[in-house]
Amino acid sequence: MINEKLEAAFNEQINKEFYSEYLYLAMKVKFMEWNLKGFVNWFNVQVQEEHAHGMGMFDYLDERGGNIKLEAIAKPEFKGTTPLEIFEEVLAHEQFVTSSINHVADVAEEVKDRAALHLLDWYIKEQVEEESNVGGMLATLKLIGDDKKALLMLDKDLMARTFVQPVIG
Ligand code: OFO
């Protein structure tokens, strides 16, 4: 069994992971409009990763005999109108998710659930990778500035990103 407070924190986090999937799907639409196929591929991979993150917690709650409560997923909102602005928002979103996962870990610590902490360690490490990956993209986009040719070269490079089903936990 799992502590109720921790169960609620996991359920909230599941919602945030699926919201992330939805947000990146919405951002992908923007890059589809710009016909930047490499960026579209980048978001495709990101969408699949977020889905895997949500399902990882979903399956974990089930394994622990917890109640899975799926709430409504909010409408994805972002304001960016350029690749750089959108990636600034991606980074801000990932930082928000990091603090949110840290909160779930705080609850697991509070209720002394070592097994949950072990799982959350995976998510915490994953967030380090996510932030560093997005931070790298942002740095490159800043360097590119208004250089369209360089943007198209980056777009070509981003075609190489592939989704690898993560082994969570
Ligand atoms: Fe689930 O890592 Fe991004 O949000």
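Located above this text is the structure these notes cover.
Across its full length, the protein carries 5 helices and 0 strands. Each helix and strand of the protein, ordered N terminal to C terminal, gives the series α-α-α-α-α. In terms of overall dimensions, the protein has a C-alpha envelope of 55 × 25 × 25 Å along the principal axes. Counting across all 169 residues of the protein, residues that qualify as buried make up 45%. Look at the contacts in the protein between residues 6 or more apart in sequence, and 82% of them connect residues 24 or more apart.

Here we come to the nonpolar core. F31, F39, W42, F43, F87 and V90 are the most contacted members of the largest nonpolar core, which has 23 residues in total. At the level of secondary structure, the elements contributing two or more residues to this core comprise α1 (4–33), α2 (37–63), α3 (83–110), α4 (114–144) and α5 (148–157). Residues within four places of V90 in sequence aside, it is in contact with Y24, M27, W42, F43 and V134. F10, M57, I101 and L120 belong to the second largest nonpolar core, which has 20 residues in total.

Before going further, it helps to spend a moment on the pattern of salt bridges. Applying the stated rule across the entire model yields 5 salt bridges. Notably, a salt bridge pairs E7 with K69, separated by 4.0 Å at the nearest N-O pair. On the criterion of sequence distance, the pair formed by E7 in helix α1 and K69 in the loop between α2 and α3 is long-range, its members being 62 residues apart. You can call K69 partly exposed: its relative accessible area is 48%. For D113, the salt bridge goes to R64, with nearest N and O atoms at 2.8 Å. Pair noted here: D113 is in the loop between α3 and α4 and R64 is in the loop between α2 and α3, with a separation of 49 residues, a long-range link. Comparing D113 with R64, the two get one shared label, buried.

Direction vectors running N to C along α3 and α4 enclose 165°, while the axes themselves pass 9 Å from each other. Comparing the axis directions of α3 and α4 gives the class roughly antiparallel. Every pair of crossing elements has a handedness; the one defined by α3 and α4 is left-handed. In the contact of α3 with α4, the residues fall into 19 nonpolar, 5 polar and 6 charged.

Once that is clear, we can look at the environment of G38. Tracing the chain through its elements places G38 in helix α2. Sequence separation between G38 and L152 is 114 residues; the distance between their C-alpha atoms is 8.8 Å.

Under the 1.5 Å per step criterion, the end-to-end length of α1 is 44 Å for 30 residues, consistent within 8% with the ideal 44 Å. For α1, the capping residue at the N-terminal end is N3, with a side-chain oxygen 2.7 Å from the backbone nitrogen of K5. A positive phi of about 60° marks N35, the residue just after α1.

The subject of this paragraph is α2. Here α2 contains 27 residues, and its C-alpha end-to-end distance of 39 Å stays within 8% of the 39 Å for a straight helix at 1.5 Å per residue. Remark: G65 follows α2 within two positions and exhibits a positive phi of approximately 75°.

Criteria and cut-off values
Residues numbered from 1 in each chain as written. Predicted model: local features only at pLDDT ≥ 70, side-chain atom pairs only at ≥ 80, totals over all residues. Heavy atoms only, no water. Helix = DSSP H or I, 4+ residues; strand = E, 2+ residues; numbered from the N terminus. Buried < 20%, exposed > 50% of the residue type's maximum accessible area, 1.4 Å probe, protein only. Contact = heavy atoms within 4.5 Å. Core = buried A, V, L, I, M, F, W, Y, C linked by side-chain atoms within 4.5 Å. Salt bridge = Lys/Arg side-chain N within 4 Å of Asp/Glu carboxyl O. Axes fitted to C-alpha atoms, helices over the stretch in contact; angles between N-to-C directions. Parallel < 35°, antiparallel > 145°, perpendicular 65-115°, else oblique. Left-handed = near helix turned anticlockwise from the far one by under 90°. Nonpolar A, V, L, I, M, F, W, Y, C, P; charged D, E, K, R; others polar. Expected span 1.5 Å × (residues − 1). Polar contact = N/O pair within 3.5 Å; in protein donor to acceptor, adjacent residues only side chain to side chain.

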